[in-house]
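The primary structure of each chain is shown beneath.
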Amino acid sequence: MMSSDHAAIDVPESSAAVKGKAPLIGSQREQKRGINKGLGIADFLLRLGAITSALAAAATMGTSDQTLPFFTQFFQFEASYDDLPTFMFFVIAMGLISGYLVLSLPFSIVTIVRPYAVAPRLLLFILDTMALTLTTAAGGAATAIVYLAHNGNPNTNWLAICNQFGDFCQNVSGAVVASFVTVVVFMVLILLSGFALKRH
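Definitions and cut-offs
Residues numbered from 1 in each chain as written. Predicted model: local features only at pLDDT ≥ 70, side-chain atom pairs only at ≥ 80, totals over all residues. Heavy atoms only, no water. UniProt positions renumbered as here; feature names shortened; annotations may be inferred. Disulfide = S-S within 2.5 Å. Buried < 20%, exposed > 50% of the residue type's maximum accessible area, 1.4 Å probe, protein only. Helix = DSSP H or I, 4+ residues; strand = E, 2+ residues; numbered from the N terminus. Core = buried A, V, L, I, M, F, W, Y, C linked by side-chain atoms within 4.5 Å. Contact = heavy atoms within 4.5 Å. Axes fitted to C-alpha atoms, helices over the stretch in contact; angles between N-to-C directions. Parallel < 35°, antiparallel > 145°, perpendicular 65-115°, else oblique. Left-handed = near helix turned anticlockwise from the far one by under 90°. 1 Å grid on protein atoms, 1.4 Å probe; cavity = no way out; pocket = protein on both sides within 12 Å on 5 of 7 lines; lining within 4 Å. Points joined across faces, edges and corners; volume = space filled by probe spheres on them. Nonpolar A, V, L, I, M, F, W, Y, C, P; charged D, E, K, R; others polar. Patch = residues over 30% accessible without salt bridge, like charges linked within 9 Å, V, L, I, M, F, W, Y side chains within 5 Å. Areas by Shrake-Rupley, 256 points an atom, 1.4 Å probe, with all protein chains shown as cover. Salt bridge = Lys/Arg side-chain N within 4 Å of Asp/Glu carboxyl O. Lys, Arg positive; Asp, Glu negative; His and termini not counted. Charge placed at Lys NZ, Arg CZ, Asp CG, Glu CD.

- An unreviewed UniProt entry annotates the chain as CASP-like protein of Hibiscus sabdariffa.
- Regarding the chain, the UniProt comment filed under Subunit (unreviewed entry) reads as follows: "Homodimer and heterodimers."
- The heading Sequence similarities (unreviewed entry) in the UniProt record of the chain holds the text "Belongs to the Casparian strip membrane proteins (CASP) family."

Below you can see the structure in the form of structure tokens.
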């Protein structure tokens, strides 16, 4: 009488099947490396754009000066950025941000050359967050002064000066806009760094 039980025979996996898995793992690793490298390239290009906007903000505000063509025996009507401590803080802050962005470029290059490096990305993530805070503070403070220059404040008898100092107001307004462009770029940089760190 024949038994209905069948013995299970383990068939070892062929060497061809084992070799077939290696290219799959390798392709996934190369794909991940390519994405990380692409993030590094995007980071570098965004930093170049942020340098341009930050320098433009600092230079535009730092050269904002207008003197009216009429004057009295005792007074000359002039508006300059250094008349207001807020605008001086803006110029110093944006200058510092520009310097930081230039110094951060080598670390950004490292993330391109070594896509799996964690330390440079983490360092840039922390420093970018601090730079974002400073840029936002400078831009926000300058925005308040620019608003008063355009609209004044009747409750405190602060008169709007942009009707007389049109060129000055145009320059400082452009500087504030450039600073907020830098803020947006920093936000994107932080998101990219966070995404890249999550992938490690």
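Picking up where we left off.
1. Examining the state of the cysteines
Then, in step 1: What the rule picks out here adds up to 1 disulfide.
Then, in step 2: Each sulfur of the disulfide joining Cys 162 and Cys 169 lies 2.0 Å from the other. Residues Cys 162 and Cys 169 are joined through a disulfide that is left-handed, its torsion about the S-S bond being -90 degrees. Take Cys 162 and Cys 169: they sit in the same class, and that class is buried.

2. Some words on the UniProt feature "transmembrane region" (unreviewed entry) in the chain
Then, in step 1: According to UniProt, the positions carrying the feature "transmembrane region" (unreviewed entry) are residues 39-61, 87-110, 122-149 and 175-197.
Then, in step 2: Annotation note: span residues 122-149, helix share 100%, strand share 0%, distance between end C-alpha atoms 41 Å.

3. Concerning the nonpolar core
Then, in step 1: Counting 36 residues, the largest nonpolar core has Met 61, Phe 87, Phe 90, Leu 101, Phe 168 and Phe 186 as its most contacted members.
Then, in step 2: Among the secondary structure elements, those contributing two or more residues to this core are helix H1 (15-62), helix H2 (85-113), helix H3 (119-151) and helix H4 (166-199).
Then, in step 3: With 11 residues, H4 is the largest single contributor of residues to this core.
Then, in step 4: When residues no more than four places from it in sequence are discounted, the contact partners of Phe 186 are Ile 97, Tyr 100, Leu 101, Asp 128, Ala 131, Leu 132 and Thr 135.

4. Regarding the packing of H2 against H4
Then, in step 1: Contact pair H2 / H4: the axes reach a minimum separation of 12 Å and the direction vectors enclose 40 degrees. With respect to each other, H2 and H4 are oriented oblique. Crossing handedness for the pair H2 and H4: left-handed. The residues of H4 that touch H2, namely those facing Phe 87, Phe 90, Met 94, Ile 97, Tyr 100 and Leu 101, are Phe 168, Val 172, Ala 175, Val 176, Ser 179, Thr 182 and Phe 186.

5. Let's talk about the side chain of Ser 104
Then, in step 1: Within the secondary structure, Ser 104 sits in helix H2.
Then, in step 2: The class of Ser 104 is buried, set by a relative accessible area of 1%.
Then, in step 3: Beyond its immediate stretch of four places on either side in the chain, Ser 104 contacts Arg 47 and Leu 124.

6. Considerations on the layout of surface pockets
Then, in step 1: Within this model, the largest pocket holds a volume of roughly 230 Å³.
Then, in step 2: Leu 84, Ile 145, Ala 149, Leu 159 and Ile 161 are, among the 13 residues lining the largest pocket, the residues nearest its centre.
Then, in step 3: Looking at the lining of the largest pocket, the elements that each hand over two or more residues are strand E2 (76-80) and H3.
Then, in step 4: Residues that form the lining of the largest pocket fall into these classes: 10 nonpolar, 1 polar and 2 charged.

7. Quick notes on empty space enclosed by the protein
Then, in step 1: According to the stated counting rule, one finds 1 cavity of 30 Å³ or more in the structure shown.
Then, in step 2: One number sums up the size of the largest cavity: a volume of about 40 Å³.
Then, in step 3: If you go around the largest cavity, the residues you meet are Leu 39, Asp 43, Thr 111, Arg 121, Leu 124, Leu 192 and Ser 193.
Then, in step 4: Class assignment of the residues belonging to the lining of the largest cavity gives a composition of 3 nonpolar, 2 polar and 2 charged.

8. A closer look at the environment of Ala 59
Then, in step 1: Relative to the helices and strands, Ala 59 is located in helix H1.
Then, in step 2: Sequence separation between Ala 59 and Asn 171 is 112 residues; the distance between their C-alpha atoms is 9.9 Å.

9. Let's talk about a negative patch on the surface
Then, in step 1: Taken together, the side chains of Asp 65, Glu 78, Asp 82 and Asp 83 present a region of like negative charge at the surface.
Then, in step 2: Along the chain, the position of Asp 82 falls in the loop between E2 and H2.
Then, in step 3: Looking at Asp 82, the relative accessible area reads 43%, which means it is partly exposed.

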